[in-house]
Amino acid sequence: MESALVHSSSLLRQLKTFEVTARHMSFTRAADELCISQAAVSHQIKTLEEALQIKLFKRMTRAITLTGEGAILQRSLVDAFGRIDRVLAQLAQGEGRARRRLTVAVTPAFSSRWLVHRLDRFLAAHSQLEVRLVHTVMHTDLGRDSIDLAIRWGDGKWPGVECERLFGTELLPVCSPALLKDGPPLLEPSDLAHYTLLHEDSCDDWERWFEQAGLAPSLALRGPLIDDSNALMQAALNGQGIALGRMALIRDDLRRGTLVSPFSQTLSTQGAYYMCWRPTRTEQEALAWFSDFLRDEAREQEIARELSVDEPLPR
């Protein structure tokens, strides 16, 4: 064990000597920064090259340059030593004991119906990270607000932010099973005239749904407008009417039977859920972890959807 520790210590010292020498491209300047002799610098570089069995520098009469292997090692060491320096600085300031925080802006519907029940898997893998969810239906200013990542619904064309499509979804008529049990029969789409229609923001989606079903779009021009999809789904769950739900967010409700679909006809949407972040972010690690987690969950959702595509919808 002791010899291994001594070897690790020597290797770390040699790597640091190489990094400093590569940065200055000078044995003399490296010796000055490290407070050792030029001969000691040369010896440590030579020992490292022998251990790795590669040449790190091309030695010329009055100068040195990096070999291809040396350039690769330098880039890795600059990143590695930079990370170590930042952690040591945090520890020196007492920040190492504090949990790192990632702040995510998200709509209430996406949070409660998709993200929250998946979040424990991310937190289990990254216990050192504190995730703070900020719920809003407005597009937060990522350049001004203390938001690391936002999940937005739309076309992905927002100025000043980088966006990546997470997934899209179709709309499906859904309601409480109690509403169908107690209400008039729903055998044809035209029978929806006997029910209250619940709209998100406008009547446009229901108008398109009726038109797609071969009926007059004017059948959609009734019922309350609700500007939040979470409140819209809650109204449907309460038996207040029939809503067009985003299938990606209501699959669990359909599986449990708390929501049912009177008709299997879906409506395609032009929008999708996007991850958005500032192009000028300096702290990328936590953002990368969370972005990878969202991509993996979205991919698993798509696989599950494809596997269950032939299953009948509850009604």
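Before any of the text, the structure's been laid out above.
Notes on the structure in this doc start here. (Residues numbered from 1 in each chain as written. Predicted model: local features only at pLDDT ≥ 70, side-chain atom pairs only at ≥ 80, totals over all residues. Heavy atoms only, no water.)

Mapped onto the secondary structure, serine 146 falls in the loop between β4 (129-135) and β5 (149-154). With a relative accessible area of 63%, serine 146 lands in the exposed category. A sequence separation of 44 residues divides serine 146 from leucine 102, and the C-alpha atoms of the two residues are 9.6 Å apart. (Helix = DSSP H or I, 4+ residues; strand = E, 2+ residues; numbered from the N terminus. Buried < 20%, exposed > 50% of the residue type's maximum accessible area, 1.4 Å probe, protein only.)

Let's shift gears to the sheet that holds strand β10 (residues 242-246). In spatial order, the strands read β7-β10-β8-β9; together these 4 strands make up an open sheet with mixed pairing. Edge positions in the sheet fall to β7 (171-174) and β9 (225-226), since each of these pairs with one other strand and no more. With 2 bridges connecting them, strand β8 (residues 197-200) and β10 associate as parallel partners. Bridge pairing links leucine 198 to alanine 243 in β10. Contacts from helix α9 (residues 247-256) reach β7 and β10, with the element oriented near 115° to β10. (Pairing = 2+ DSSP bridges. Contact = heavy atoms within 4.5 Å. Axes fitted to C-alpha atoms, helices over the stretch in contact; angles between N-to-C directions.)

On to the pattern of salt bridges, then. Charged atoms that come close allow side chains of opposite charge to pair. Under the counting rule described, the total for this entry stands at 15 salt bridges. Note that glutamate 19 is salt-bridged to lysine 16, the shortest N-O span being 3.4 Å. Of this pair, glutamate 19 and lysine 16 both sit in helix α1 (residues 2-24), 3 residues apart, which is roughly one turn of the helix. Classification of lysine 16 as partly exposed rests on a relative accessible area of 28%. Between arginine 246 and glutamate 200 there is a salt bridge whose closest N-O contact spans 3.0 Å. Here arginine 246 is found in strand β10, whereas its partner glutamate 200 is found in strand β8, with 46 residues between them in sequence. Of the residues examined, arginine 246 reaches a relative accessible area of 13% and is grouped as buried. Glutamate 200 gets classed as buried once you look at its relative accessible area, which sits at 18%. Overlapping salt bridges, with partners in common, bring together Lys16, Glu19, Arg23 and Glu33 in one network. (Salt bridge = Lys/Arg side-chain N within 4 Å of Asp/Glu carboxyl O.)

On to helix α3 (residues 38-52), then. Taking 1.5 Å per residue as the helical rise, α3 with its 15 residues ought to reach 21 Å, and the 21 Å between its terminal C-alpha atoms agrees with that figure. The set of residues buried in α3 consists of Val41, Gln44, Ile45, Leu48 and Glu49. Relative to the axis of α3, the buried residues are bounded by an arc of 135° and lie together on one face. In α3, the exposed positions that point more than 90 degrees away from the buried face belong to Ala39, His43, Glu50 and Ala51. Positive phi appears at glutamine 53, one or two residues downstream of α3, with a value of about 60°. (Expected span 1.5 Å × (residues − 1). Arc of directions from axis to C-beta.)

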